[in-house]
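As a plain string of letters, each chain reads:
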Amino acid sequence: MSSGVNRNHGEAVGNPDTKPIEAPNPNYPAPRRRPARRDGPAAPLRLERTNDFVIQFANVNGSGSASANRLFARSILRMGVPIASRNIFPSNIQGLPTWYEVRVSEAGHQGRRGGVDFMVAMNPQTWDKDVASIEPGGYLFYDSTRPMPLSKFRGDINVVGMPLTELTNARYTDPRQRQLFKNIIYVGALAQLLGIEITEVERLIAEQFRGKDKLIPPNLEALHMGRDYAAEHLADIGLKVRRADAVGDRVFIDGNDASALGAVYGGATVCAWYPITPSTSVAEAFAKWGRKLRVDPETGRNRYVSIQAEDELASIGMVIGAAWNGARAFTATSGPGISLMQEFIGLAYFAEVPAVIFDVQRGGPSTGMPTRTQQSDILISAYASHGDTKHVLLFPEDPRECFEFGALAFDLADRLQTPVFVLLDLDIGMNEWLCEPLAWNDGRRFDRGKVLTAGDLEAGREFGRYLDVDGDGIAYRTYPGTHSSRGAFFTRGTSRDRYARYTEEGSAYVDNMQRLLRKFETAKALAPKPVRTDAKNPTRCGVIYFGSTAPAMREAMAALEAQGVARDTLRVRAFPFAEEAIDFILDHDQVFVIEQNRDGQLRTLLINEGAIDPARLISILHYDGTPITARFIVGEIVRLWPALAGATRREAAE
C-alpha cells in the first residue's frame, strides 16, 4: 500500500490498491547471489536464513488445507522456534482464494513483516499475484504435474516443482482423499526442505487424530510420501528451521478464546449473542469454558447460560435485562451488530445498567469485508446511541490482554454502572498468537461497585437511584427485590430526578447529564493506563498506536532506531484517555497516530476529547483489510520525515 499525503490536513492516507513504499531494513540482510555460471547468466538470488523467514500458503477455501497448514506451523513451535500465523480467508463457504501466512522468527516478532520468502502456490487463480509477492531470491513451491509456461515465473526467484497431483492420483482413488492427502504430502516435503524434524510432525498428527486412530496411519503415510520424494528429487534450499529454545512458557491462543476465558474468570454467567463473523467463536468459547469450569460438581447443573438470540437487538436486550437483575452478562458482536444495538446501548448508558460488549472489529461499512481486519469501530463505540453518550473502551494488544481486559471489563461495568466495550479485531480474535501465559490472582475479588443491601436500607441509609453521594458521579444501586418496600424494582429510559421520579424538568435533566460526565471522568482513573516508551535520546516527535498494531509497531521502532530515527511511543489502552496520553501529545511537536482505518478515528477522538491542535497529529493509516506490517510503518515514517525537517534540525541542535 503506497500512501499519499492529504495536503489539507497533513495526514498520510493509505491506498489499498498499490504496493507499499518500504524502507530498507537492516534487520533483514540482502540475499546472496550465486556465482555466475560459465555457460550462461547468473543464477537467481538465493535467500539464506535460519529461523527468520516468512512462508505463505495460497490455497482454495474448502480444500481442507487449513488443518494441514496449521499442522506445519505448530511443528515449528514444537522445535522451540516462535512463529506468528495469520489466516486470510474469504467470507463464502468454499471456492475462493485463501492464504495462510507463517512468520518464523526466533527473535519473537509477532507482527506481519511484509513480503514472502517462500510461497506455496496451490491456487492457479491467484498465481500471478502470489508469484509477484515473493522477495527477490525467495522460493516458489508449486504442483508441477502440469507444465507452466516460462512467462509465469520470475527470473529472480528459485522454483521448486513437485508433481503433487500425479503422486496423489497414483496412490489414492477417492477424489476427497486425493485433495486432503495432497495437503499432507506437501507438509512432508516442506519438512524435508526446511529441516523440520519429522518426529514433531508425526506427534502432532497423532494428537490431532486422537480418538480417530484409524486416520493416523494414512496421514503418516502421506507425510512420508512427501518427505521421501523431496529427499530424493528436490534440491536443497537456503531457508532452514533449526531447533531452538525461544518459545519458553508462552502459550499459542487466539484472542476470541482468551476473551471468553477472561469473561468466565471475570464472573460472567450470561452470554447472549447472535452469530456474526468474526466474533462468533467468543460465544462458542464461553460455552466451552463454561462446560469445563462452570458446572456444579455436586448437582451437575450448569452455572452459566449461553443464549443464541434471534438477532443482535435481542441479544443486547437480554444482556441488559440479566445485568439489571445482578448477573454479569455480555454479548459478542462486530461492527454491523454495534450498529443495530444503538438504542439499547443508549438505554444502558442512561438507565446506568452494567453491560459488557466484545466487539471483534472487521472491515466496514455495511457488510464491508466480513473476514478482513480493521480498527474501524472506534467512534461508533465511543459515542454509541443518539444524544450525548460516552462509553468506556478497552484496547487489548494481544490474547493475553484480551483475557485480562475481558475480566476487567466486568469490574468496570459494575463499578461504573455502564456499558464497557472490549475492542479487539479479527487479527487478534481469530488468529493464534504466541503470548505470555494468561495470569490470574486467585485472591482477586469481584468489584461489584456501589450496591446497597437490605441491611443498608433497613438502617435508614438514604437511597436515591441517581443521587451522587460521593461526588464521583456514581450513584448507589440495589438489585431488584433486595427489600420488600425499598430500593429499585424497575428502570426507565426517560428523564428523571435524583430519586428516579419521572420528570421532564430541564434542570433535572441537566443535573443528571452533568453527573454522567463526572462519572466518565472517574473512569479515567479506573481504566488501564497507556504505556509510554521514550527513546534513548530526547526527541520532539512521538508515535501513538493501539491494539493489534502493537507487535508490528515495536518491530518498526527497532528498525527505525537502527537507522538513527528514534521516537517516543505511547500505546493507548483505554478510552477515556488518561492525562498521560494528553501529556504525551503536548510533550511533542509532532505525533504520528498509527491506526487501521481510513478516517483516522483514534486521531479524531484525541482531538475531540483532549482539545488537541489537529496540526500536532499526523495520521498513518492502513485499511486494506490485512494486518498492518512493520515494513509499512517504517516506510511511511521515513517517507513523511522530510515534512518534519524543522523538528530534525531542532533535535540536532539540541
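Scroll up a little and you will see the structure.
Definitions and limits used
Residues numbered from 1 in each chain as written. Predicted model: local features only at pLDDT ≥ 70, side-chain atom pairs only at ≥ 80, totals over all residues. Heavy atoms only, no water. Salt bridge = Lys/Arg side-chain N within 4 Å of Asp/Glu carboxyl O. Helix = DSSP H or I, 4+ residues; strand = E, 2+ residues; numbered from the N terminus. Buried < 20%, exposed > 50% of the residue type's maximum accessible area, 1.4 Å probe, protein only. Contact = heavy atoms within 4.5 Å. Axes fitted to C-alpha atoms, helices over the stretch in contact; angles between N-to-C directions. Parallel < 35°, antiparallel > 145°, perpendicular 65-115°, else oblique. Left-handed = near helix turned anticlockwise from the far one by under 90°. Nonpolar A, V, L, I, M, F, W, Y, C, P; charged D, E, K, R; others polar. Core = buried A, V, L, I, M, F, W, Y, C linked by side-chain atoms within 4.5 Å. Pairing = 2+ DSSP bridges. Patch = residues over 30% accessible without salt bridge, like charges linked within 9 Å, V, L, I, M, F, W, Y side chains within 5 Å. Areas by Shrake-Rupley, 256 points an atom, 1.4 Å probe, with all protein chains shown as cover.

Draft legend 1. Layout of the pattern of salt bridges. Inspection of the entire model under this criterion finds 46 salt bridges. We note a salt bridge from Glu-636 to Arg-639, for which the minimum N-O separation is 3.0 Å. In this pair, Glu-636 and Arg-639 are both assigned in helix H20 (residues 630-640), 3 residues apart and thus about one turn of the helix distant. The class for Arg-639 is partly exposed, based on a relative accessible area of 24%. If you follow the salt bridges from partner to partner, you end up with Arg-328, Asp-411, Asp-414, Arg-444, Arg-448 and Arg-477 in one network.

Draft legend 2. Expanded view of the environment of Asn-69. Within the secondary structure layout, Asn-69 lies in helix H1 (residues 65-78). Accessibility expressed as a relative area gives 2% for Asn-69, which makes it buried. With 474 residues separating them in the primary sequence, Asn-69 and Val-543 have C-alpha atoms 36 Å apart. Filtering out sequence-adjacent residues up to four positions away, Asn-69 remains in contact with Phe-57, Asn-59, Tyr-100 and Tyr-186.

Draft legend 3. Structural detail: the packing of helix H17 (residues 550-562) against H20. At a minimum axis separation of 8 Å, H17 and H20 run at an interaxial angle of 50 degrees. Classified by the interaxial angle, the pair formed by H17 and H20 is oblique. Seen along the crossing, H17 lies across H20 with a hand that is right-handed. Facing H17, whose interface residues are Ala-552, Met-553, Glu-555, Ala-556, Met-557, Ala-559 and Leu-560, H20 presents Ala-630, Ile-633, Val-634, Ile-637 and Val-638. The residue makeup of the contact of H17 with H20, split by class, is 11 nonpolar, no polar and 1 charged.

Draft legend 4. Structural context of the nonpolar core. Ile-55, Phe-72, Phe-118, Phe-141, Leu-190 and Leu-194 are the most contacted members of the largest nonpolar core, which has 54 residues in total. Apart from the residues within four sequence positions on either side, Phe-118 is in contact with Val-54, Ile-55, Gln-56, Tyr-139, Phe-141, Leu-190, Leu-193, Ile-237 and Leu-239. Counting residues in each nonpolar core, the second largest holds 49 residues, with Phe-421, Leu-457, Phe-463 and Leu-570 among its members.

Draft legend 5. Just the sheet that holds strand S8 (residues 97-105), in detail. Taking strand neighbours across the sheet as the criterion, the 6 strands line up as S7-S8-S6-S9-S10-S11 in an open arrangement whose pairing is mixed. Taken across any chain shown, the strands that pair with only one partner, and hence form the sheet edges, are strand S7 (83-88) and strand S11 (158-162). Taking each pair of neighbouring strands and ignoring which way they run, the sheet shows an average axis angle of 15 degrees. Inspection of the sheet shows strand S9 (residues 116-121) paired to strand S10 (residues 134-143) by 5 bridges, in the parallel sense.

Draft legend 6. Spotlight on the pairing of S11. Residues Asn-158, Val-160 and Met-162 of S11 are buried on one face, while the alternating residues Val-159 and Gly-161, pointing to the opposite face, are not. Pairing of S10 with S11, which is carried by 5 bridges, proceeds in the parallel orientation. Counted as the bridge partner of Asp-143 is Met-162 from S11.

Draft legend 7. View of a nonpolar patch on the surface. Among the surface-exposed residues, Leu-313, Leu-340 and Phe-344 lie close enough to one another that they form a single nonpolar patch of about 240 Å² accessible area. Secondary-structure assignment places Phe-344 in helix H11 (residues 342-351). The partly exposed category is assigned to Phe-344, whose relative accessible area is 31%.

Draft legend 8. Up close: the sheet that holds strand S24 (residues 574-575). With respect to topology, 7 strands assemble into an open sheet ordered S15-S14-S16-S17-S19-S18-S24, the strand pairing being mixed. Only two strands of the sheet have a single partner each, and these edge strands are strand S15 (305-308) and S24. Looking at chain direction, strand S17 (residues 355-361) and strand S19 (residues 419-425) are connected through 7 bridges and run parallel. Paired with Ala-355 across the strands is Pro-419, a residue of S19.

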